[in-house]
Amino acid sequence: MRTITLFEGDGIGPEITKEVVRILNALQLPLQFEPYEIGQTAYDHTGELIPQDAIDSIKRNKVALKAPVTTPIGKGFRSVNVGLRLAFDLYANIRPAKSLPSVITRYDDVDLVVFRENTEDLYIGIEEVIDENTVHAIKKITRKASERIIRAAFDYAVTNNRKKVTCVHKANILKKSDGLFLQIFNEIKNEYPDIISNDLIVDNTCMQLVMNPKQFDVMVMPNLYGDILSDLTSGLIGGLGLLPSANKNDEYAIFEAVHGSAPDIAGKNIANPTALLLSACMMLDHLGYMEEADRIRKAINKVLTSTAIRTKDLGGTATTTEYTDAIIANL
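## Looking at the nonpolar core
So, point 1. Counting residues in hydrophobic clusters, the biggest one holds 85 residues, and the most contacted among them are L65 and V220.
So, point 2. Per element, the largest residue contribution to this core is 10 residues, and it comes from helix 9 (residues 274-287).

## Here we look at the sheet that holds strand 5 (residues 111-117)
So, point 1. Within the open sheet, the 10 strands sit side by side as 2-1-3-12-11-4-5-10-8-9. Their pairing is mixed. Bordering the open sheet on either side are strand 2 (31-36) and strand 9 (196-201), each of which pairs with just one other strand. Neighbour-to-neighbour, the strand axes of the sheet open up by a mean angle of 25°, direction not taken into account.
So, point 2. As paired strands, strand 8 (residues 164-169) and strand 10 (residues 218-221) are joined by three bridges and run parallel to one another. In the strand pairing of strand 10, V165 is matched with V218.
So, point 3. The strands touched by helix 5 (residues 143-159) are strand 4 (92-98), strand 5, strand 8, strand 9 and strand 10; relative to strand 5, the strand with the most contacts, the crossing angle is about 160°.
So, point 4. Sitting on the sheet, helix 6 (residues 177-188) touches strand 8, strand 9 and strand 10, and the angle it makes with strand 8 is about 165°.

## Re the layout of surface pockets
So, point 1. Quantified by volume, the largest pocket comes out at close to 1,100 Å³.
So, point 2. Put simply, the parts of the chain that give the lining of the largest pocket at least two residues each are strand 4, strand 5, helix 5, strand 11 (246-248), helix 9 and helix 10 (290-304).
So, point 3. It is helix 5 that contributes the most residues to the lining of the largest pocket, six residues altogether.
So, point 4. In the lining of the largest pocket, the residues fall into 21 nonpolar, six polar and 12 charged.
So, point 5. The calculated volume of the second largest pocket comes to roughly 280 Å³.

## Considering unusual backbone geometry
So, point 1. Unlike most non-glycine residues, D121 shows phi in positive territory, near 70°.
So, point 2. Inspection of the secondary structure puts D121 in the loop between strand 5 and strand 6 (127-131).
So, point 3. Look at A262: it is not a glycine, yet its phi comes out positive at around 45°.
So, point 4. With respect to the secondary-structure elements, A262 resides in the loop between strand 12 (253-256) and helix 9.

## Regarding empty space enclosed by the protein
So, point 1. Taken as a whole and judged by the stated rule, the model has one cavity of 30 Å³ or more.
So, point 2. Mapped by element, the contributors of at least two residues to the lining of the largest cavity are helix 4 (80-87) and strand 12.
So, point 3. Broken down by element, the residue count for the lining of the largest cavity peaks at three residues, all from helix 4.
So, point 4. Across the lining of the largest cavity, the residue classes break down as three nonpolar, two polar and three charged.

The rules behind these values
Throughout, residues of each chain are indexed from 1 in the direction in which the sequence is written. Local features in a predicted model are, by the rule used here, given only for residues with pLDDT of at least 70; side-chain atom pairs are given and counted only at 80 or more, and totals for whole chains, interfaces and linings are based on all residues. Calculated side-chain values reflect all of the structure's heavy atoms, with hydrogen atoms and water omitted. The definition of a nonpolar core used throughout is a set of buried Ala, Val, Leu, Ile, Met, Phe, Trp, Tyr and Cys residues joined through side-chain atoms within 4.5 Å. We call a residue buried when its accessible area falls under 20% of the maximum for its residue type, exposed when it is over 50%, and partly exposed in between, using a 1.4 Å probe and counting protein chains only. What counts as a helix is a DSSP run of H or I of at least four residues, what counts as a strand is a run of E of at least two, and both are numbered from the N terminus. Paired strands, in this sense, are two strands between which DSSP finds at least two bridges. Here an angle of 0 to 180 degrees is reported between the N-to-C directions of two axes, which are lines fitted to C-alpha atoms, with helices fitted over the stretch in contact. Residue contacts are counted whenever heavy atoms from the two residues lie within 4.5 Å of one another. Cavity: a set of points on a 1 Å grid over the protein atoms alone where a 1.4 Å probe fits but cannot get out. Pocket: an open set with protein on both sides within 12 Å along at least five of seven lines, its lining residues, like those of a cavity, having an atom within 4 Å of a point. Grid points are joined across faces, edges and corners, and a volume is the space filled by probe spheres set on the points. Residue type decides the class: Asp, Glu, Lys and Arg count as charged, Ala, Val, Leu, Ile, Met, Phe, Trp, Tyr, Cys and Pro as nonpolar, and the leftover types, Gly among them, as polar.

Here's what the structure looks like:
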């Protein structure tokens, strides 16, 4: 029996987690879940955003499934997501964006994967107040972090029969920091002669994504660009409610929905669990249950080919529970 650390999150987190676990249990796999509180709920109960017992659970189990969490608003509170990524050095944030059947968007053939470096760059929030009118933010780029995320992107391309890896940067202006990231990309790409490689400036990349996303396959980039562009790619397939995510290194992996906790619709049984469910599919792939992960993906596709059973955000009237029931019926 494999034990999975489970973070039910805040807002809609507990209700979508309940439905995702119900689907996973329907597969009758040798998996059990160990629930812990993090985020706003944990802070209310313990005064800590990430209690030590939650950290210890990940250390034991190596794998976690995480619903959206709320970080208290106020000075001194670091994002729970950032805290977990840095605590376990989860350097690779992987976000596949793939079109789903009958979810009407501008494009129906998007199939790309963003590899986002997860441990440095501006996103980690190292800031210094120089005086009351001036603040400096530190953009940190290192060879070690750049090499491992770039190599991870190329290795993924090889393993998954992807044909192309694109490096996204702003090295024309940030010549030393992004320049180092691009330099390392150009060194590593020579080790993968069968993979097409190119690089694009980040602003041009945004334009190219909305004009012709089909030109992209695997994309690799520093942390902040990855945060922005992965949200952009979710918009190409119907929104963050359909975008799965994994945070990984060679030892630990946390799979999560990257959308917010949506407290305004919490408890109404109308939330869309698809992003967390697809993240759970990535978890099953990671654990070696690829066939079962594909069964869930096919069931999602089958349900979405009809507009009869969809949650409100996808133009339907189904409750979260009804949507889950339909997926289980199609497993």
